[in-house]
Amino acid sequence: MWKWLHPYAKGEATYRLLGLWQPWLTGLALAFVSVGLVWGLFYAPPDYQQGDSYRIIFIHVPSAMFSMGAYTGMAIAALIALVWQIRTAEWAIAAIAPVGATLTFVALFTGAVWGKPMWGTWWEWDARLTSQLILLFLYIGVLALYYAFNDARTGAKAAAILALVGVINVPIIHFSVYWWNSLHQGATITKFEKPSMPPEMLIPLLISIAGFLFLTAALITQRLRNEILKQELHRPWAMAKLGVEANDGV
Amino acid sequence: MAFDSWQEVIWMGGYGFYVWLAFGISILAIAILVVHGLLTRKKLAQLAVKKQQQQQRIARRKQQERHRSMVTNDSTS
């Protein structure tokens, strides 16, 4: 397996592999997200308690899920970067952080806009909300550290350490609604229990979740490819990919 | 369809402002991310063109120098 994995430590092989995935991921993301959101917005029945305001769930839950999923992925990349010193893994940190930060912002924003009519407040310093806000700060911190040093590798190492330490926040977010008294409701979908949602709402939600998975992957792919090109711009293959013939002076 | 008319879709049972604000800002945020990625790629392409021109300039100068030294070598021999 190591022999097979080894080429992907090099920028060019990873760039090419990601290039094969990108159109599929983008297409699947567009298809699933639009079907999920249109179904959720227009065709799913209103909630018996929350009326039509609950439709925010079709963005809120998927974005929150993958804000944590992306962080976990970033922490794994950080571990690989620190232990095996693989540069592609370092670049993955820089590619995942902005995507994760955007998803976290979307989860927080949709949560606030949902909270106003349902709880009567945009914001509450409660365990779930606060830990999710910390996630946003962690993403911003990782990005700031990554770009804070003149030497890119030092920056990547510092960012990797923060990303790895911060992963403790992910289970805290997940279990916050059980560990503390929270305004936030518990999980709608769990692996072990019957979902607390009728299928007319659950199916579009699951479609939207799948769509956000593809969307997250597509966005990370786009940014990782950019990061690889940026770091390998001095190499002829990267120049060729950007549409110019590299001239080494020979 | 859970609604009878477009007005009802916009009204969202009185929650229209919140639902559409949530959807609008979310889509906007993700769109900004996508556009930023596309712009980064465009900037990289411009940088690559600049780099190529620089390399060509260096190559040309090297060639001129080689040529000149060849000429001077000829005249001295």
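Source: prediction; values computed, not measured. (Residues numbered from 1 in each chain as written. Chains lettered and ligands numbered in written order. Predicted model: local features only at pLDDT ≥ 70, side-chain atom pairs only at ≥ 80, totals over all residues. Heavy atoms only, no water.)

**Comments concerning the overall build of chain A**
As a reminder of what qualifies: Numbering goes from the N terminus for both helices and strands, where a helix is a DSSP run of H or I of at least four residues and a strand is a run of E of at least two. Categorising residues by exposure relies on relative accessible area from a 1.4 Å probe, with only protein chains included: less than 20% of the type maximum marks a residue as buried, more than 50% marks it as exposed, and the intermediate range marks it as partly exposed. In what follows, residue pairs with any heavy atoms lying within 4.5 Å of each other are defined as contacts.
Each helix and strand counted, chain A has 9 helices and 0 strands in total. What you see in chain A, going N to C, is helices and strands ordered as α-α-α-α-α-α-α-α-α. Projected onto its principal axes, the C-alpha positions of chain A cover 75 × 35 × 35 Å. Relative to its full complement of 250 residues, chain A shows a buried share of 51%. Restricting to contacts in chain A with at least 6 residues of sequence separation, those with at least 24 account for 72%.

**Quick look at the overall build of chain B**
Applicable threshold: Every accessible area reported is derived by Shrake-Rupley at a probe size of 1.4 Å, with residue values counting cover from the shown protein chains alone. In this charge count, Lys and Arg are treated as positive and Asp and Glu as negative; neither His nor the chain ends contribute. Just so you know, the charge point we use is NZ for Lys, CZ for Arg, CG for Asp and CD for Glu.
Counting secondary structure elements, chain B contains 2 helices and 0 strands. Taken over the C-alpha atoms alone, chain B extends approximately 100 × 20 × 15 Å along its principal axes. Summed over all atoms, the accessible surface of chain B reaches about 5,800 Å², with 61% contributed by carbon and sulfur. Measuring between centres, the 11 positive side-chain charges of chain B sit 21 Å from its 4 negative side-chain charges.

**Structural notes on the pattern of salt bridges**
All names here are of chain A. The criterion, for reference: In what follows, salt bridge is the name for a side-chain nitrogen of Lys or Arg lying within 4 Å of a carboxyl oxygen of Asp or Glu.
Taken as a whole, this structure holds 5 salt bridges over all chains when the rule is applied. A salt bridge links Arg16 to Glu12; the nearest nitrogen and oxygen atoms lie 2.7 Å apart. Taken together, the positions of Arg16 and Glu12, both in helix H2 (residues 11-43) and 4 residues apart, correspond to about one turn of that helix. The closest approach of N and O atoms between Glu90 and Arg87, which form a salt bridge, is 3.8 Å. Here Glu90 and its partner Arg87 are both found in helix H4 (residues 87-119), 3 residues apart, which amounts to about one turn of the helix. Taking the relative accessible area as the measure of exposure, Arg87 reaches 27% and is therefore partly exposed. Several salt bridges share partner residues, and in doing so they unite Arg87, Glu90 and Arg153 into one network.

**Details of the interface of chain B and chain A**
Spelled out, the test is: Simply put, the buried area is the total loss of 1.4 Å probe accessible area from both parts when two parts are fitted together. For this analysis, a polar contact is any N or O atom pair within 3.5 Å, provided that within protein one partner can donate a hydrogen and the other can accept it, and provided that sequence-adjacent residues contribute only side-chain to side-chain pairs. Three classes are used, and their members are as follows: Ala, Val, Leu, Ile, Met, Phe, Trp, Tyr, Cys and Pro are nonpolar, Asp, Glu, Lys and Arg are charged, and the others, Gly among them, are polar.
On the side of chain A, 46 residues touch chain B, which itself brings 36 residues to the contact. In terms of surface lost to chain A, no three residues of chain B exceed Phe23, Leu33 and Arg41 of chain B, which account for 18% of the buried area on that side. Our count for the chain B to chain A interface comes out at 8 residue pairs in polar contact (both at pLDDT 80 or more). Listing elements by their share of the side of chain B that touches chain A, those giving two or more residues are helix H1 (6-11) and helix H2 (16-76) of chain B. Of the residues forming the side of chain B that touches chain A, the biggest block, 28 residues, is contributed by H2 of chain B. Partitioned by chemical class, the residues of the side of chain B that touches chain A number 26 nonpolar, 8 polar and 2 charged.

**Re helix H8 (residues 199-231) of chain A**
The criterion, for reference: Here the expected span of a helix is defined as 1.5 Å times the quantity of residues minus one.
Spanning 33 residues, H8 of chain A covers 47 Å between terminal C-alpha atoms, matching the ideal 48 Å at 1.5 Å per step. Counting buried positions along H8 of chain A gives 24 out of 33 residues, so the element sits mostly inside the fold.

**As for the packing of aromatic side chains**
Worth spelling out the cut-off: Only Phe, Tyr and Trp rings take part, Trp by its six-membered ring, and two of them pair if their centres are within 6.5 Å. Stacked means planes under 30 degrees apart, edge-to-face means over 60, and tilted covers everything else. The criterion is that NZ of a Lys, or CZ of an Arg, lies within 6 Å of the ring centre and within 35 degrees of the ring normal, and then a charge sits over that ring.
What the rule picks out here adds up to 14 aromatic pairs over all chains. Cluster of aromatic residues (ring-pair linked, three or more members): Phe42 of chain A together with Trp6, Trp20 and Phe23 of chain B. In this structure, Arg225 of chain A packs its charged tip against the face of Tyr15 of chain A, placed 4.2 Å from the ring centre.

**So, the UniProt feature "transmembrane region" (unreviewed entry) in chain A**
Residue and element names in this part refer to chain A. The criterion, for reference: UniProt positions are given in the numbering used here, feature names are shortened, and annotations may be inferred rather than shown by experiment.
As annotated in UniProt, the feature "transmembrane region" (unreviewed entry) corresponds to residues 21-44, 64-84, 91-114, 129-149, 161-181 and 201-220 in the numbering used here. Segment residues 64-84 splits into 100% helix and 0% strand. End C-alpha atoms: 30 Å apart. Its end C-alpha atoms 32 Å apart, residues 129-149 is made of 86% helix and 0% strand.

**Quick look at the side chain of Ser26 of chain B**
Tracing the chain through its elements places Ser26 of chain B in helix H2. Sequence-distant contacts of Ser26 of chain B, defined by excluding residues within four places in its chain, comprise Ile59, Val106 and Thr110 of chain A.

**Regarding the UniProt feature "domain: Cytochrome c assembly protein" (unreviewed entry) in chain A**
With numbering aligned to this structure, UniProt lists the feature "domain: Cytochrome c assembly protein" (unreviewed entry) at residues 29-184 of chain A. This span, residues 29-184 of chain A, is 78% helix and 0% strand, and a straight line between its end C-alpha atoms measures 28 Å.

**A closer look at the packing of helix H3 (residues 57-84) of chain A against H4 of chain A**
Residues and elements named next belong to chain A. Definition in use: Lines fitted to C-alpha atoms define the axes, with helix axes restricted to the stretch in contact, and inter-axis angles between N-to-C directions lie between 0 and 180 degrees. To sort the angles, those under 35 degrees are grouped as roughly parallel, those over 145 as roughly antiparallel, those from 65 to 115 as roughly perpendicular, and the leftovers as oblique. Crossing handedness is defined as follows: a turn of the near helix away from the far one that is anticlockwise and smaller than a right angle gives a left-handed crossing, while the clockwise case is right-handed.
Contact geometry of H3 with H4 gives a least axis separation of 8 Å together with a crossing angle of 155 degrees. Viewed along their axes, H3 and H4 adopt a mutual orientation that is roughly antiparallel. As H3 packs across H4, the resulting crossing turns out to be left-handed. Taken together, the residues that form the contact of H3 with H4 break down as 19 nonpolar, 8 polar and 1 charged.

**Regarding the environment of Thr102 of chain A**
By the secondary structure assignment, Thr102 of chain A is in helix H4. With 34 residues separating them in the primary sequence, Thr102 of chain A and Leu136 of chain A have C-alpha atoms 8.5 Å apart. The residues contacting Thr102 of chain A, other than those within four sequence positions of it, are Ala29, Ile30 and Leu33 of chain B.

**So, a nonpolar patch on the surface**
Heads up, the rule is: Two distance rules govern patches: like charges are joined within 9 Å, and nonpolar side chains (Val, Leu, Ile, Met, Phe, Trp, Tyr) within 5 Å, applied only to residues with over 30% relative accessible area and no salt bridge.
Among the surface-exposed residues, Val35, Val38, Trp39, Tyr43 and Ile203 of chain A together with Met1 of chain B lie close enough to one another that they form a single nonpolar patch of about 540 Å² accessible area. Inspection of the secondary structure puts Trp39 of chain A in helix H2. A relative accessible area of 31% means that Trp39 of chain A is categorised as partly exposed.

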